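Fold and geometry: a report
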Amino acid sequence: MVSLRERAAAVAGTVRDPEMPMLTLADLGVLRDTQVDGEVVVVSITPTYSGCPAMATMRDDLVHRLTDAGFPRVEVRVVLSPAWSSDWITEHGRAELRAAGLSAPGPAKKGPVGLTLSPTRRALTCPRCGSPRTEVISEFGATACKALYRCVDCFEPFDHVKEI
Amino acid sequence: MMNHDSVYDGLLGGDSSQWAFGTDFEDPLAGVDTTVPAGVDGGELAAYCLMLGDDTLVLSQRLAEWCSRAPELEEDIALANMALDLLGQARLLLARAAAADPAVVPVLPAGSPVPAEDALAFFREAGQFRNVRLAEVVNGDFAHVVVRLLLFSIARLAVLQRLSGSGDAVLAAVAAKGVKELTYHRDWAGRWFLTLAQGTDESRKRLVSALEQLWPLRDELVTAHPVELSLAAAGIGVDPAGVRDETDAVLDQVLAVAEVDRPQRAPLAGIGGRTGRDGMHTEALSRMLAEMQVVARAHPSGRW
């Protein structure tokens, strides 16, 4: 017997990130919680970055998907703490990123933040040809969460989801 | 069947609620407990949130003015990315200010859908802004944006690291997230500082000139306003003077590698002792706000 909460959580879990549609909000780690309170479904999401412009779309998509699935009232709450980390992207999500030609983030740095005056070094493999010989083009990519890389062997550029 | 004569018909598809942007505003603090902590004055907390939020709002606007003007595409995107981070922090801080003391929010015509944080951003006069003057001065060349961001991010990162332990849960959460963002803003500015210092004679000359020019505005970042002191004593805010040594150390680290001397120029005085934190600004702020606010002010009901 599937509970109402489980059913609502399953529906919420199908909603995709508007910027990286290969990921569900659950895979991205943005979907924090789904509860059912009486006839209201309460979904909690956390922004990836403070200025994430996709929050409004995520909220609308959650409301529509749940309403279409027969839940009459949906409330989307913002959870600010703890702050989102790229470590929350699931293994499934990482596989989806690679399948879509993106490079998945490594472990996020923890602890005190030192000044880094040399370029960030990452040992990445090209998501297209698998070569370990890659170079950074820019630490700032098409969205706040991505850096732009290039494969030295197949020359294809690719996005790397940054560690944060 | 999509009507190709009007792109909006196709987009709306008879259900305007499918249109994600423009039909609805959302509360960035929806579901967040914004109760003012016991023993804390809501007006003081709001003033403090405006100080931090106006810093990031005004600097974000200055960074956004670089859009399409940076020396190369990657840096154009970098500046826009950082502007967006700061704008996001501003939105949360201004929303927190409005929740702490609704009296700070400008009153708009009845029925206006403009949310509180937008009313604060677009409907206050320059004298009501609490940002440091470093954030507002007019953009110069690329060295200028590098130096301004370096000075700001060093001090703001040190403040946010302490603020993430604030007794106000909203401020603590905004700060903890901001730490991650300011860390790479600071790295970006530090790396470009070195690149320009070690580049050509021209790039070094421009860098040193930007540092000399902005130096008098640096002191305000590490000087406490009475509101900051009061909230620091209550465990809610951070005394910026307490991070002066740390910011000096980080800056000296960059200056040493760059082989650039620390400027000797004195801090820019306030007017009758009043500075940006008191609403006393340079002429640049009102000019910047005139452009930033003009569309919102022409349509206070959010419709046209």
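These numbers were taken from a predicted model, which means no experiment stands behind them.

Secondary structure assignment for chain A yields four helices and six strands. In chain A, the succession of helices and strands from N to C terminus is α-α-β-β-α-β-α-β-β-β. With respect to the principal axes defined by its C-alpha atoms, chain A has extents near 55 × 35 × 25 Å. Looking at chain A as a whole, 40% of its 164 residues are labelled buried. Taking contacts inside chain A between residues at least 6 apart in sequence as the whole, the part at least 24 apart equals 53%.

Time to look at the sheet that holds strand S1 (residues 31–37) of chain A. All names here are of chain A. Read from one edge of the open sheet, three strands run S1-S2-S3, paired in mixed fashion. Looking at strand neighbours, the two that pair on one side only are S1 and strand S3 (73–78), the edges of this open sheet. Ignoring strand direction, the axes of neighbouring strands in this sheet form an average angle of 20°. Relative to strand S2 (residues 40–45), S1 runs antiparallel, the two sharing six bridges. Its bridge partner being in S2, Leu 31 is matched across the sheet by Ile 45. In this fold helix H1 (residues 4–12) packs onto S1 and S2, with an angle of close to 145° to the strand it touches most, S1. Packed on one face of the sheet, helix H3 (residues 55–68) meets S2 and S3 and runs near 155° to S3.

Further remarks concern the UniProt feature "domain: PaaD zinc beta ribbon" (unreviewed entry) in chain A. In the numbering adopted here, UniProt assigns the feature "domain: PaaD zinc beta ribbon" (unreviewed entry) to residues 116–162 of chain A. Span residues 116–162 of chain A is 0% helix and 34% strand, its end C-alpha atoms 16 Å apart.

What follows covers the UniProt feature "domain: MIP18 family-like" (unreviewed entry) in chain A. Mapped onto the present numbering, the UniProt feature "domain: MIP18 family-like" (unreviewed entry) falls at residues 14–67 of chain A. Within residues 14–67 of chain A, the helical portion is 31% and the strand portion 24%, while the C-alpha atoms at the span's ends are 13 Å from each other.

Quick look at the sheet that holds strand S5 (residues 146–151) of chain A now. All names here are of chain A. The strand order across the open sheet formed by three strands is S4-S5-S6, and the pairing between neighbours is antiparallel. A single partner strand is all that each edge strand has here, and the edge strands are strand S4 (134–138) and strand S6 (157–161). Pairwise comparison of adjacent strand axes, ignoring direction, gives a mean angle of 40° for this sheet. With five bridges connecting them, S5 and S6 associate as antiparallel partners.

Another point: the environment of Ala 269 of chain B. Residue and element names in this part refer to chain B. Summarising the element assignment, Ala 269 is placed in the loop between helix H9 (244–258) and helix H10 (283–298). Note on Ala 269: 11 C-beta atoms within 10 Å, which makes it exposed. Sequence separation between Ala 269 and Gly 127 is 142 residues, and the spatial gap between their C-alpha atoms is 17 Å.

What counts, and where the lines are drawn
- Residues numbered from 1 in each chain as written.
- Chains lettered and ligands numbered in written order.
- Predicted model: local features only at pLDDT ≥ 70, side-chain atom pairs only at ≥ 80, totals over all residues.
- Helix = DSSP H or I, 4+ residues; strand = E, 2+ residues; numbered from the N terminus.
- Buried ≥ 20, exposed ≤ 12 C-beta atoms within 10 Å, placed from the backbone.
- Contact = placed C-beta atoms within 7 Å.
- Pairing = 2+ DSSP bridges.
- Axes fitted to C-alpha atoms, helices over the stretch in contact; angles between N-to-C directions.
- UniProt positions renumbered as here; feature names shortened; annotations may be inferred.

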